[in-house]
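# Structural overview for review
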Amino acid sequence: MSSVPPIPLLEIKNVEICYSGTPVISELSLSVRKGEILSIVGESGSGKSTLINAVMGLLGSDGHVSKGKIFFKGKNLLSLSPEARRRTRGPEMGMVFQNHASSLCPIRTIGAQYYEAVRAHRKINRNEVEDMAAAIFEGMNLKDASRILASYPFELSGGMSQRVGIAMAMLLEPDLLLTDEPTSALDVIVKAMVSNELKTLRNEKETSIVMVTHDIGLAAIFSDNIAVLNKGRLVEYGATSSIINDPQDDYTRELIRAVPRIFKR
Ligand SMILES: Nc1ncnc2c1ncn2[C@@H]1O[C@H](COP(=O)(O)OP(=O)(O)OP(=O)(O)O)[C@@H](O)[C@H]1O
């Protein structure tokens with residue numbers, strides 16, 4: 001008897017998403033298995049952020065999933081109460097926003113906010129949380145952990161606060177980590193370090209990661225699968241090697257041609 005494949009951790013089925021009644025995502029289906037890294041690429045306005053905000057339940061008052069289903073661990077998220085959805089955020093599903101600083105409390109230190117976030121989900125003391133944070137910082141080239149932990153968000157540069165945001169999401173060790181342009185404010189070397197740190201998280205904890213990016217070069221080296229969005233539709237979706245080496249869609253070819261230094265096509 002053949003074994004039944006495990007259900008995907010995340011399964012998006014035939015989804016349409018509207019803002020104020022106008023669709024910006026149509027007929028979109030994809031899935032993410034445990035421990036998989038999926039990159040969602042596409043140009044500005046193609047709907048990448050909308051899609052991951054819909055998974056998180058953070059579309060705002062104008063946004064609405066008007067068709068389809070989003071299953072997480074086999075449960076349709078769209079049928080959960082707002083409270084049940086809120087409970088999934090953090091320990092089960094973490095998100096790193098493009099502008100992470102704006103989601104931190106401006107008048108409390110990074111260390112206090114880390115401790116509170118982790119403590120809300122498990123019994124742990126502040127030193128343990130700060131030690132874990134320092135180890136993650138080190139992997140992302142954030143030096144002087146104690147100074148950062150004692151800082152307020154406004155005291156950090158853009159690149160530092162982006163890494164502080166990634167560390168916050170990693171500390172909670174979610175099953176699924178959604179990241180929106182996680183490395184956009186970082187230079188090339190730090191970008192590589194952050195990508196490696198995220199990969200380590202996947203390798204050690206089997207965290208599934210969905211990364212939204214404009215950068216198909218980063219997607220090529222970082223992900224198992226790539227989904228290409230164009231004007232709210234999925235135009236290409238599959239294993240990274242086949243998308244990069246044998247793109248079927250004109251739009252994907254164009255994206256790949258735009259990074260000739262990496263692919264030398
Ligand atoms: N709150 C909103 N209200 C109305 N329309 C919105 C809202 N947020 C996004 N949109 C529209 O939805 C479409 C998809 O936007 P989205 O931000 O998801 O694209 P994106 O691919 O993430 O772009 P970028 O790479 O620039 O972040 C765009 O046409 C955008 O103008």
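Residues numbered from 1 in each chain as written. Predicted model: local features only at pLDDT ≥ 70, side-chain atom pairs only at ≥ 80, totals over all residues.

Let us now look at the overall build of the chain. Scanning the chain for helices and strands turns up 11 helices and 10 strands. In terms of C-alpha radius of gyration, the chain reaches 19 Å, essentially the compact-globule figure of 18 Å for 265 residues. In the chain, buried positions account for 38% of the 265 residues. Across the chain, the fraction of contacts at a sequence separation of at least 24, relative to all contacts at a separation of at least 6, is 66%. (Helix = DSSP H or I, 4+ residues; strand = E, 2+ residues; numbered from the N terminus. Rg over C-alpha atoms; globule rule 2.2 N^0.38 Å. Buried ≥ 20, exposed ≤ 12 C-beta atoms within 10 Å, placed from the backbone. Contact = placed C-beta atoms within 7 Å.)

All right, on to the pairing of strand 3 (residues 37–41) then. Taken across its five residues, strand 3 has five buried, putting it largely inside the fold. Burial along strand 3 is two-sided: the residues Ile 37, Ser 39 and Val 41 and Leu 38 and Ile 40 are all buried. Note that strand 3 and strand 8 (residues 208–213) share five bridges and pair parallel. Directly across from Ile 37, in strand 8, lies its bridge partner Ile 209. (Pairing = 2+ DSSP bridges.)

Right, let's talk about the environment of Arg 253 for a bit. If you trace the backbone, Arg 253 turns up in helix 10 (residues 250–257). Residue classification places Arg 253 among the partly exposed positions, given that 13 C-beta atoms sit within 10 Å. Considering only alpha carbons, one finds Arg 253 and Ile 243, 10 residues apart in sequence, at a separation of 9.2 Å.

Moving on, we get to the confidence of the model for the chain. Overall, the predicted model of the chain reaches an average pLDDT of 88, with 94% of residues at or above 70. Both scores are given for the predicted complex: the pTM is 0.89, the ipTM 0.97. (pLDDT = per-residue confidence, 0-100.)

Another aspect to go through is the site of the ligand. Around the ligand sit 14 residues, and of these Tyr 19, Ser 44, Lys 48, Ser 49 and Thr 50 come closest. Ranked by residue count, the leading element in the shell around the ligand is helix 1 (residues 48–56), at three residues. Grouping the constituent residues of the shell around the ligand by class yields two nonpolar, 10 polar and two charged. (Near = placed C-beta within 6 Å. Nonpolar A, V, L, I, M, F, W, Y, C, P; charged D, E, K, R; others polar.)

Thr 252, Leu 255 and Ile 256 are the residues of helix 10 that are buried. End-on, the buried residues of helix 10 take up no more than an arc of 95 degrees, which puts them together on one face. Along helix 10, exposed side chains directed more than 90 degrees from the buried face belong to Asp 250 and Arg 257. (Arc of directions from axis to C-beta.)

To continue, consider the sheet that holds strand 3. Spatial ordering of the open sheet is given by 6-7-8-3-9-10, a layout of six strands whose pairing is mixed. Among the strands making up the open sheet, the edge pair consists of strand 6 (93–96) and strand 10 (233–239). The average undirected angle you get between the axes of adjacent strands in this sheet is 15 degrees. Examined bridge by bridge, strand 7 (residues 176–180) and strand 8 share five bridges and lie parallel to one another. Residue Leu 177 lies in a different strand from strand 8, and its bridge partner there is Ile 209. In the packing of helix 10 onto the sheet, the strands contacted are strand 3, strand 9 (225–230) and strand 10, and the crossing angle to strand 9 comes to about 110 degrees. (Axes fitted to C-alpha atoms, helices over the stretch in contact; angles between N-to-C directions.)

Before going further, it helps to examine the packing of helix 3 (residues 110–119) against helix 6 (residues 158–171). With their axes 9 Å apart at the nearest point, helix 3 and helix 6 run at an angle of 25 degrees to one another. Compared by their axis directions, helix 3 and helix 6 come out roughly parallel. Of the two elements, helix 3 crosses helix 6, and the hand of that crossing is right-handed. Mapping the contact onto sequence places Ile 110, Tyr 114, Ala 117 and Val 118 in helix 3 and Val 164, Met 168 and Leu 171 in helix 6. Its residues placed into classes, the contact of helix 3 with helix 6 shows seven nonpolar, no polar and no charged. (Parallel < 35°, antiparallel > 145°, perpendicular 65-115°, else oblique. Left-handed = near helix turned anticlockwise from the far one by under 90°.)

Time to look at the nonpolar core. Grouped together as the largest cluster of nonpolar side chains are 67 residues, with contacts concentrated most on Ile 40, Ala 167, Leu 178 and Val 210. Apart from the residues within four sequence positions on either side, Val 210 is in contact with Val 32, Leu 38, Ile 40, Ile 52 and Leu 178. (Core = buried A, V, L, I, M, F, W, Y, C linked by C-beta atoms within 7 Å.)

Strand pairing in a sheet takes place through backbone hydrogen bonds and is either antiparallel or parallel in direction. Reading across from one edge, 2-1-4-5 is the order of the four strands in this open sheet, with antiparallel pairing throughout. The open sheet has two free edges, formed respectively by strand 2 (22–32) and strand 5 (75–76), since each of these has just one partner strand. The sheet contact formed by strand 4 (residues 63–72) and strand 5 spans two bridges and is antiparallel. Bridging from a neighbouring strand, Phe 72 pairs with Lys 75 of strand 5.

Strand direction decides the pairing type here: strand 1 (residues 10–19) and strand 2, joined by seven bridges, are antiparallel. Bridging from a neighbouring strand, Tyr 19 pairs with Thr 22 of strand 2. The hairpin turn running from strand 1 into strand 2, its antiparallel successor, is two residues long, and Ser 20 in that turn takes a positive phi close to 45 degrees.

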